[in-house]
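# Examining the three-dimensional arrangement
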Amino acid sequence: MAGGDASAGENRPAVGGDASAGEGLPAAGADASAGEGLPAVGGDASAGDAGVAVEAVFREERGLLLASLVRRFGDLDLAEEVTSEAIEAALRHWPAEGVPARPGAWLLTTARRKAVDRLRRDQAYAARLAVLRADAERAETVAPAPDAARIAELPDDRLQLFFTCTHPALAAEDRTALTLRCLAGLTTPEVARAFLVPTATMAQRIVRAKRKIREARIPFRVPGPDELPERLPGVLQVVYSVFTEGYAASSGPRLQRLDLAEEAVRLARILRRLLPAERETAGLLALLLLVHARRDARTGPDGEPVLLEEQDRERWDRTMIEEGRDLVVQALTGGPAGPYGVQAAIAALHDEAADVESTDWAQIVALYDVLLTLTPSPVVAVNRAVAVAMRDGPGAGLALLDALAEEPRLRAYPPYAVARGDLLTRLGRAGEAAVAYREALELAGTEPERAALRRKLGE
Amino acid sequence: MKYMLLIHSGAVDEQGGAPQCTVEDWMAYDKAVRDAGIHVSGESLADLVTATTVRVSPTGERTVTDGPFAETRELLGGFLVIDVPDLDAALDWAARCPGSRDGGAVVVRPVADFGA
């Protein structure tokens, strides 16, 4: 959780007992780009910087270490256990002895040694893992491994872990929880906070998901090129859902939960590095950056939502927009566009415009047309109707919205009622607008949304 | 690792027959499973009208009833046990099974291994 001060310092492993103790390191607002490779991080840190280096290193390293150990030992529980032990050892030794020249390699070696020790002590466990190993090797001969060229371009082992954590045989919420824990490096209490559930509930959920992985034997493997079109959308969806929960919290006191949005951006960056040839990884990262760039302008001083047309565009993050725009080009070049690439292109058109009036609404409508063919959904149709209203006037947009009135999915979707209310207001039909806003007020999940609607209603 | 594929037929219509795959489809699937060397066991079950349920009460009294009848939309029509390396392989074989089409469903259950 970059910048998540709330969690800093409360997860130090000094006190034993709690199952999760020691797994969580102080969240060091580490830059998302830090720690691409194990040996690269903090290599020149002197002993005096040990505390700082320890914090900066582990957030990103945890996922890398875990993935590498899962690949080596084929067991998520063992890998988690020795990853935590290695990090605890680092916290004990480094402040006194200084950070080793290659901290990542030190952690990996330490963790591996602990795993081997553990297997020596527990022969039954070792025997079970040996059977797993043998079967895994058999799997490689039964189903030929994906072609070597593709594997060679993968810089680390985290991709396997992404596909395991987001396996369709796991419940959707468990996929998100496991991904946050194993790949974003969140502790169980942090994941619980992200889902707004008690820690014990989340701990049970994670235990259950890991049990399914182990007992149903969900494999640790990267799907072959033939399976990728079926499996990759599931991985991207998990990262996207982390982002949308951060971007527009479905419930709670706050509209935005920037910590979650930043986790999602970080995960999308990792996926982009791991699968550079897949254009939708560029599309997803571009989309997240282009939307996240508006984070400071999206809410007012009291946390109330600020509509796109009212946002102070000076407060948009230009660096992030530039990065996102470059990625949109990559996402839309070299083949048919995917849904994330198209959504990113729409976000880019908004981000490039000086104001709402000069926005290229015709182009945005055209992109929504493409998106509707790729992922037909009433929600996309609502957004398209709003864009049509900007291009052709509120009457045209309202006609499209009213045509969607029978869609069951829109009955519990506040933005639909809000969009209707706004277009009715622009048409001077205040009475009908109020009815629509009241409908939205019933449905809105966060207090800032409700406050904004009450203002529209003049209450 | 052994997995049982529980093959449920789709909704059965008034005439007692759902639009199902052909016998040839099933024979081809059966042959593919055997040729892959993963077949452990498997049976198709006779029509549900032949089913009988037995329950024994705490006092040891035996109750035998006709049925069950199709209260649910999906009926267990047969099973297959295969031995494959992991869940992905089992899911692939389930997806190839003709019983997973036409409104049917195949439930994949790992077989418990108490020896490990």
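Residues numbered from 1 in each chain as written. Chains lettered and ligands numbered in written order. Predicted model: local features only at pLDDT ≥ 70, side-chain atom pairs only at ≥ 80, totals over all residues.

## Here we look at the sheet that holds strand S1 (residues 2–9) of chain B
All names here are of chain B. Read across the open sheet, the 4 strands follow the order S2-S5-S1-S6; overall the sheet is antiparallel. Each of the sheet's edge strands pairs with one partner strand only, and the pair in question is strand S2 (39–44) and strand S6 (105–110). Here the strands of the sheet are splayed against their neighbours by 20° on average, with no regard to which way each runs. As judged from the 8 bridges shared by S1 and strand S5 (residues 75–83), these two strands associate in the antiparallel manner. Directly across from lysine 2, in S5, lies its bridge partner aspartate 83. (Pairing = 2+ DSSP bridges. Helix = DSSP H or I, 4+ residues; strand = E, 2+ residues; numbered from the N terminus. Axes fitted to C-alpha atoms, helices over the stretch in contact; angles between N-to-C directions.)

## Considerations on helix H15 (residues 339–352) of chain A
Residues and elements named next belong to chain A. With 14 residues, H15 extends 20 Å between its outermost C-alpha atoms, agreeing within 8% with the 20 Å of an ideal straight helix rising 1.5 Å per residue. Here H15 lies mainly inside the structure; 12 of its 14 residues are buried. Residues Pro339, Tyr340, Gly341, Val342, Gln343, Ala344, Ala345, Ile346, Ala347, Ala348, His350 and Asp351 constitute the buried set of H15. Tucked into the core, H15 has its buried residues touching helix H10 (228–247), helix H12 (279–292), helix H14 (318–332) and helix H16 (361–374). (Expected span 1.5 Å × (residues − 1). Buried ≥ 20, exposed ≤ 12 C-beta atoms within 10 Å, placed from the backbone. Contact = placed C-beta atoms within 7 Å.)

## Some details on the packing of H14(A) against H15(A)
Residues and elements named next belong to chain A. Running from N to C, H14 and H15 cross one another at 140°; their axes reach a closest spacing of 9 Å. Between H14 and H15, the interaxial angle falls into the category oblique. When you trace H14 past H15, the crossing you get is left-handed. For the pair formed by H14 and H15, the contact residues are Ile321, Gly324, Arg325, Val328, Ala331 and Leu332 on the first element and Tyr340, Gly341, Ala344, Ala345, Ala348 and Asp351 on the second. (Parallel < 35°, antiparallel > 145°, perpendicular 65-115°, else oblique. Left-handed = near helix turned anticlockwise from the far one by under 90°.)

## Concerning the domain arrangement of chain A
All names here are of chain A. According to the domain assignment, chain A contains domain 1 (279–359) and domain 2 (377–459). If you average the C-alpha positions of domain 1 and of domain 2, the two centres end up 22 Å apart. With 4 residues of domain 1 in contact, the opposing surface of domain 2 contributes 4 residues. For the side of domain 1 that touches domain 2, the residue count by class is 1 nonpolar, 2 polar and 1 charged. (Domains from an automatic or database assignment. Nonpolar A, V, L, I, M, F, W, Y, C, P; charged D, E, K, R; others polar.)

## Overview of the pairing of strand S4 (residues 62–66) of chain B
On any regular strand, side chains alternate: one points to one face of the sheet, the next to the other face. Residue and element names in this part refer to chain B. With 0 of its 5 residues buried, S4 lies for the most part at the surface. Relative to S4, strand S3 (residues 52–56) is paired through 5 bridges, and the arrangement is antiparallel. Within the sheet, the bridge partner assigned to threonine 52 lies in S4 and is aspartate 66. With antiparallel pairing between neighbouring strands as the criterion, S3 and S4 make up a hairpin whose turn holds 5 residues, including glycine 60 at a positive phi of roughly 90°.

## What to know about the nonpolar core
Residue and element names in this part refer to chain A. Counting 133 residues, the largest nonpolar core has Val239, Ala264, Ala286, Leu288, Leu290 and Ala344 as its most contacted members. Composition of this core by domain shows at least three residues from each of domain 1 (279–359) and domain 2 (377–459). Leaving out residues up to four positions away in the same chain, alanine 264 has contacts with Val239, Val242, Phe243, Gly246 and Leu288. (Core = buried A, V, L, I, M, F, W, Y, C linked by C-beta atoms within 7 Å.)

## Topic: unusual backbone geometry
Residue and element names in this part refer to chain A. Non-glycine residue leucine 196 carries a positive phi angle of around 55°. By the element assignment, leucine 196 lies in the loop between helix H8 (188–195) and helix H9 (199–215). The residue arginine 217 is not glycine, and still its phi comes out positive at about 55°. Relative to the helices and strands, arginine 217 is located in the loop between H9 and H10.

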